[in-house]
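# Breakdown of the fold
What follows is the residue order along each chain.
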Amino acid sequence: MNYKKVNWYFLGVIMLHLAVVGGLIALKNVYSMGMAVNLLVSELILAVPAVIALFASKEKPNRVLGFHKLKISSVLMIVLYTFLMQPLTILLNAISMLFVDNAVTSISGEVMSLPFWLTFFMMALFGPFCEELCFRGVVYRGYLKSGNVTGAVLLSSLLFGLMHMNFNQAPYAFALGVAMAVLVEATGSLWSSVLMHVIFNAQSVLLMYFYQRFMPEVWLQQTQAAVTADDMLSAIGIYLVIAVVCTALAACVLVWLCRNQGREEYAAWLLQEQKSGKKKGRLVSVPLVVGIVVSLAYMLLNVFLSRG
């Protein structure tokens, strides 16, 4: 799928999401369905159109997606890279919570009512795979065909953030999207972003269950948004320093991964191409703008309704 069709794909996914949500509300089944089914439907809304688009392109799936092998040493460094990116996501999450509620804790009660194995599978395995198939697979690879690598990284990450459909997750999802797209380029394999996404979500699920079981008072404080603005600002100041240091170290890990996977020549060529001044494909089009506006309107409506 070329970069022009990716924009139509994104608009289609947004409209499908709204249609499904609207249908469920009309049928009054949005809660009776259960959290497990809601999680499944939300991921299938991304994965099914992505698979259809992939096969409709008539290209070899793995040639588009790039599920190439990773060295064991690279896998270990990807784990390190993931944890080094954590402070930045915590920082962005904390900043967003000055303005909006934490989207994860707002559904934590329903999530925690599910069996642990089911929650772990849906949120830490199935979800990351579907989202990487879509955003670092179909969307990012489609935008890359424009020849504009920087634009492909930033725009695919923006759409990844917007698809979370809330202002709390969108900022740190965007940052993670950039980190994972660059990771894919450094390693040459989509498995690297899948692994990073799995680790990130898995530790969130594990911490959620750990706090509820062993530190319920901390979990209750988080779910009831009992943290004051002053406490949040103090935490932001601390994590700002930690995030700067850890993100710089993460960049060093990326350089190491690029060398370890034998991608140095490709990285040098890619950098030269970006500086060459050659005409790049135009990524922004009307369907993309409409999709972004609709998703932002939906997010604003949710904020308005939650405060009403």
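Residues numbered from 1 in each chain as written. Predicted model: local features only at pLDDT ≥ 70, side-chain atom pairs only at ≥ 80, totals over all residues. Heavy atoms only, no water.

Another aspect to go through is the overall build of the protein. Along the protein, the regular secondary structure elements total 14 helices and 0 strands. When its helices and strands are written in sequence order, the protein yields α-α-α-α-α-α-α-α-α-α-α-α-α-α. Counting only residues that meet the buried cut, the protein has 45% of its 308 residues in that class. Taking the intrachain contacts of the protein between residues at least 6 apart in sequence as the baseline, contacts between residues at least 24 apart amount to 84%. Computed over 20 positive and 13 negative side-chain charges, the inter-centroid distance for the protein is 15 Å. (Helix = DSSP H or I, 4+ residues; strand = E, 2+ residues; numbered from the N terminus. Buried < 20%, exposed > 50% of the residue type's maximum accessible area, 1.4 Å probe, protein only. Contact = heavy atoms within 4.5 Å. Lys, Arg positive; Asp, Glu negative; His and termini not counted. Charge placed at Lys NZ, Arg CZ, Asp CG, Glu CD.)

According to the stated counting rule, one finds 6 aromatic pairs in the structure shown. Judged by centre distance (6.1 Å) and plane angle (10°), the ring pair of Phe-67 and Phe-129 falls under stacked. Here the residue Phe-67 occupies a position in the loop between α3 (61-65) and α4 (72-96), and Phe-129 occupies one in helix α7 (residues 116-144), the gap between them amounting to 62 residues. On the numbers, 5.0 Å between centres and 90° between planes, the contact of Phe-116 with Tyr-209 is edge-to-face. (Phe/Tyr/Trp six-rings, centres within 6.5 Å; stacked < 30°, edge-to-face > 60°.)

On to empty space enclosed by the protein. Counted according to the given criterion, the structure contains 2 cavities of 30 Å³ or more. Volume-wise, the largest cavity comes out at about 50 Å³. Considering the residues around the largest cavity, the lining is formed by Met-1, Ala-53, Leu-54, Val-64, Val-138, Arg-141, Gly-142 and Lys-145. Looking at the lining of the largest cavity, the elements that each hand over two or more residues are α2 (35-56) and α7. When residues in the lining of the largest cavity are grouped by element, the largest group, 3 residues, is from α7. In terms of residue class, the lining of the largest cavity is made up of 5 nonpolar, 1 polar and 2 charged. Here the second largest cavity is characterised by a volume of approximately 30 Å³. (1 Å grid on protein atoms, 1.4 Å probe; cavity = no way out; pocket = protein on both sides within 12 Å on 5 of 7 lines; lining within 4 Å. Points joined across faces, edges and corners; volume = space filled by probe spheres on them. Nonpolar A, V, L, I, M, F, W, Y, C, P; charged D, E, K, R; others polar.)

Attention now goes to the pattern of salt bridges. When their charged atoms lie close together, side chains carrying opposite charge are able to pair. All told, the structure shown has 4 salt bridges when counted by the stated rule. With a shortest N-O distance of 2.6 Å, Glu-59 and Lys-145 are connected by a salt bridge. A residue pair is termed long-range when its members are at least 10 positions apart, and Glu-59 in the loop between α2 and α3 and Lys-145 in the loop between α7 and α8 (149-162) qualify at 86 residues. For Glu-59, a relative accessible area of 29% gives the class partly exposed. Overall, Lys-145 belongs to the partly exposed group, its relative accessible area being 40%. The shortest N-O distance in the salt bridge between Arg-263 and Glu-185 comes to 3.8 Å. Taken together, the residues span a long stretch of sequence, with Arg-263 in the loop between α12 (229-260) and α13 (264-275) and Glu-185 in helix α9 (residues 169-187) at a distance of 78 residues. The class of Arg-263 is buried, set by a relative accessible area of 18%. (Salt bridge = Lys/Arg side-chain N within 4 Å of Asp/Glu carboxyl O.)

Another point: the side chain of Glu-132. If you trace the backbone, Glu-132 turns up in helix α7. Glu-132 sits in the buried class, given a relative accessible area of 0%. A distance of 2.7 Å separates a polar atom in the side chain of Glu-132 from a polar atom in the side chain of His-197. If near-sequence neighbours (up to four positions away) are discounted, Glu-132 is found in contact with Gly-137, Met-180, Leu-190, Ser-193, Val-194 and His-197. (Polar contact = N/O pair within 3.5 Å; in protein donor to acceptor, adjacent residues only side chain to side chain.)

Looking now at the nonpolar core. The tendency in soluble globular proteins is for nonpolar side chains to be buried side by side. Formed by 65 residues in total, the largest nonpolar core has its most connected members in Phe-10, Tyr-81, Phe-135, Val-139, Tyr-143, Leu-159 and Met-196. Top contributing element to this core by residue count: α9, with 10 residues. Discounting residues that sit within four places of it in the chain, Phe-135 has contacts with Leu-46, Tyr-140, Ser-156, Leu-159, Phe-160 and Met-163. (Core = buried A, V, L, I, M, F, W, Y, C linked by side-chain atoms within 4.5 Å.)

Let's shift gears to the packing of α2 against α7. Two numbers describe a pair of packed helices, the interaxial angle and the distance between the axes. One can describe the packing of α2 onto α7 by two numbers: an axis separation of 9 Å at closest approach and a directional angle of 20°. With respect to their mutual orientation, α2 and α7 come out roughly parallel. By crossing handedness, the relation of α2 to α7 is classed as left-handed. Contacts between α2 and α7 involve Ala-36, Leu-39, Leu-40, Glu-43, Leu-44, Leu-46, Ala-47, Ala-50 and Val-51 from the former and Leu-118, Met-122, Met-123, Phe-126, Gly-127, Cys-130, Glu-131, Leu-133, Cys-134, Phe-135 and Val-138 from the latter. Residues belonging to the contact of α2 with α7 are distributed by class as follows: 17 nonpolar, 1 polar and 2 charged. (Axes fitted to C-alpha atoms, helices over the stretch in contact; angles between N-to-C directions. Parallel < 35°, antiparallel > 145°, perpendicular 65-115°, else oblique. Left-handed = near helix turned anticlockwise from the far one by under 90°.)

Here we take up the environment of Met-299. The residue Met-299 is located in helix α14 (residues 286-307) in this model. Not counting the four nearest positions on each side in its chain, Met-299 is found in contact with Leu-162, Met-165, Asn-166, Phe-167 and Ala-170.

A word on the confidence of the model for the protein. Taken over all residues, the pLDDT of the protein has a mean of 87, while the share at 70 or more is 92%. Within the protein, the lowest mean pLDDT, 58, falls on helix α11 (residues 216-223), and the highest, 96, falls on α9. (pLDDT = per-residue confidence, 0-100.)

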